[in-house]
Each structure stands twice: as structure tokens, then as C-alpha cells.
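Report on the structure
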Amino acid sequence: MSRDATPPQASRPLALAAAWMGVALTSFALLAVSARELLDTMEPVQFLFLRTALGLPLLVPLAFWLAPGFYRTERLPLHLLRNLFHYGGQVFWITAIGMLPLALVFALEFTTPVWAAVLALLFLGERLNRGRVVALVLGVAGVLVITRPGAQPLDLGILIGLAAAVGFAVSLTVTKGLTRYDSVFTILFWMLAMQLLIGLVPALLVWEPVVRADALWLLVAAITGISAHLGIAKAFQHADATVVLPMDFLRLPLIALVGALFYGEGLDPWVIAGAALIFVGNEYSLRRERRGLT
């Protein structure tokens, strides 16, 4: 073996991280498709409630098997804060899926780390170093490239998609604190349990009878809602964020392909260019922080 070859023991974690990210990417794509298919027969809040109601009994046996005691936590207020914003972000995200091309929704979601950096600056006292400034500037530039204000009308769906990213950013910021104390299964369990209660009344207010043809897509949504989070968490266990993030960016071409093949959606080069700017900024910031640079 040459000196430049990657040792088998070093390549195995990367292979595992890639495999788990494959699970996550496929899950996100299937989740988006299931939402698009079901929005013809139900409102986003009903879709989210049913997905959660089916997902909870799927998660609990798995959690008992892999992480006994997963339901124990001393951070219930933080879980509640996280899930209020995560629920809102999901409602906005699902609503945007019914209004915009799938690739555009995913591109707007990539702004989540940008908003999370702003929130950490404002509320957690984190300071802006060079990497974070670059990520913030390129993130804002990416949003402007995607939305092109002045060159086209600002679509309501775009505002809703950005609102989803802000909701996810708050959730992400709180999750950073929770992971110091609770496992991924604890966070997933309280996410489903709390959002089931949070979403009950909104779902009942717009409830429509569920037809048999919806059952398969609801099951897909329930499974992928769990497997997407689990896939990303497992990927981070096997590789650094600077390795996982580029893999996560593959969500965009994947969902663009799905949108083109199944919904006849064209591939907007402005969306790809804007998302690329956001990705480059996030990747640059992560690499500097990994090396301890300010």
C-alpha cells in the first residue's frame, strides 16, 4: 500500500458516515414527495399531526431496544422551546413544498445555519469571527441570488420558505445545548411527543377525512421523519461536520432530479448558484473553526 493510500481503519468511518447520509438524503427526498402528494387532500398541520402520530409508535420500540431510558430528561423546558419553533418551521416548510419547486424549498432551507449564527450572536453571546462573517455575507448573497428582488416579484412561498429556515435555526440553536445532556433518541422522542400535543388543535380545526389512498404516503412520511434525523445524527458520530456538510449539500441536486422527473419542474440555475454560495460560506466557516482559527 502506498503512503498516500487511505488506511482501511481510517476509511471505514467515512464509509459509515456516507452510508448514514445516504439514508438521510433519501429520507428527506421521500418526506418532501410524501408532503407534496398529500397536500392535495389535507392541510399541512393535519399532515404533520398524522405523520407524528404514526411516527411515535414506530420510534418507541426502536428507542427501547437501542437506548433504554431514552425518555428521561432534566431539560423539558428546553425541549418545549425547541419543539415550538421546530413545529412552526415544519408547518412553514410543508406549506412551501405545496407552493414552490422542491429544489427552491431545499435551497432556502440551506440558509438555516446563517440564521442560527445570527441568533447565536444575539442571544448566546457568540462572537463573529472571520469564518462566521464570511458565512453570513455569502449566505445573504445566496438568498439575494435565489430570490432576485427587483428582477422578479417576491413570491409569498419564498417568504414562507425563509420563515421555515428561521424556525429551524432557532430549533438548531437550542438543539446544540440539548445534545450536551440528552441522546438523539431522547430528543426525537420528546420532539414527537410534544409536537403531537402542539399540533392536535390546529389539525382538528382543519380536519378532513383520510382516504385509503393516503395511507402509504403517511407511512412513508412517518418513517422518513425519523430516519432523516437519525441518519444525520449517526453520520456526525462517524465524521466531522466538515465531511458531513458537503454530503448534505447533495440534497439539492437529488431533490432537483426528483422534481424534474416526477413533477416536471425545471432546474433554475439561479437557485443552484445561490445555494452554492450559501454552501461555500458554511463550509469555509466550519473548516476555520475546526482548525481553531478566529
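Anyway, here's the lowdown on the structure attached to this text. Here the structure is a predicted model, which means the values were calculated and not measured. (Residues numbered from 1 in each chain as written. Predicted model: local features only at pLDDT ≥ 70, side-chain atom pairs only at ≥ 80, totals over all residues. Heavy atoms only, no water.)

Describing the side chain of Glu-109
Along the chain, the position of Glu-109 falls in helix α4 (residues 102-109). Within the structure, the side chain of Glu-109 is placed 3.1 Å from the side chain of Trp-93, a separation counted as a polar contact. Once residues lying within four places of it in the same chain are set aside, the contact partners of Glu-109 are Trp-93, Ala-165, Phe-168 and Arg-251. (Helix = DSSP H or I, 4+ residues; strand = E, 2+ residues; numbered from the N terminus. Polar contact = N/O pair within 3.5 Å; in protein donor to acceptor, adjacent residues only side chain to side chain. Contact = heavy atoms within 4.5 Å.)

Considering helix α2 (residues 44-66)
For α2, spanning 23 residues, the distance from its first C-alpha to its last is 31 Å, which sits close to the expected 33 Å at 1.5 Å a residue. Along α2, the sharpest change in direction is near 25° and occurs at Gly-55; proline Pro-57 comes one to four residues later. (Expected span 1.5 Å × (residues − 1). Bend = angle between axes of the 7 residues up to and from the residue.)

A few points about a nonpolar patch on the surface
Where nonpolar side chains cluster on the molecular surface, the patch consists of Leu-200, Val-201, Leu-204, Leu-205, Val-206, Trp-207 and Val-210 and spans about 630 Å² of accessible area. Relative to the helices and strands, Val-210 resides in the loop between α9 (200-205) and α10 (215-238). The class of Val-210 is partly exposed, set by a relative accessible area of 38%. (Patch = residues over 30% accessible without salt bridge, like charges linked within 9 Å, V, L, I, M, F, W, Y side chains within 5 Å. Areas by Shrake-Rupley, 256 points an atom, 1.4 Å probe, with all protein chains shown as cover. Salt bridge = Lys/Arg side-chain N within 4 Å of Asp/Glu carboxyl O. Buried < 20%, exposed > 50% of the residue type's maximum accessible area, 1.4 Å probe, protein only.)

So, the packing of aromatic side chains
With the rule as written, the count across this model stands at nine aromatic pairs. Judged by centre distance (6.2 Å) and plane angle (55°), the rings of Phe-64 and Tyr-71 are tilted. Under the relative-accessibility criterion, Tyr-71 is labelled partly exposed at 34%. Taken together, the aromatic side chains of Phe-64, Phe-70, Tyr-71, Phe-189 and Trp-190 make up a single cluster linked through ring pairs. Positioned above the aromatic ring of Tyr-181, the side-chain terminus of Arg-75 is 3.8 Å from the ring centre. Over the ring of Phe-28 we find Arg-251; its NZ or CZ atom is 4.2 Å from the centre of that ring. (Phe/Tyr/Trp six-rings, centres within 6.5 Å; stacked < 30°, edge-to-face > 60°. Lys NZ or Arg CZ within 6 Å of the ring centre and 35° of its normal.)

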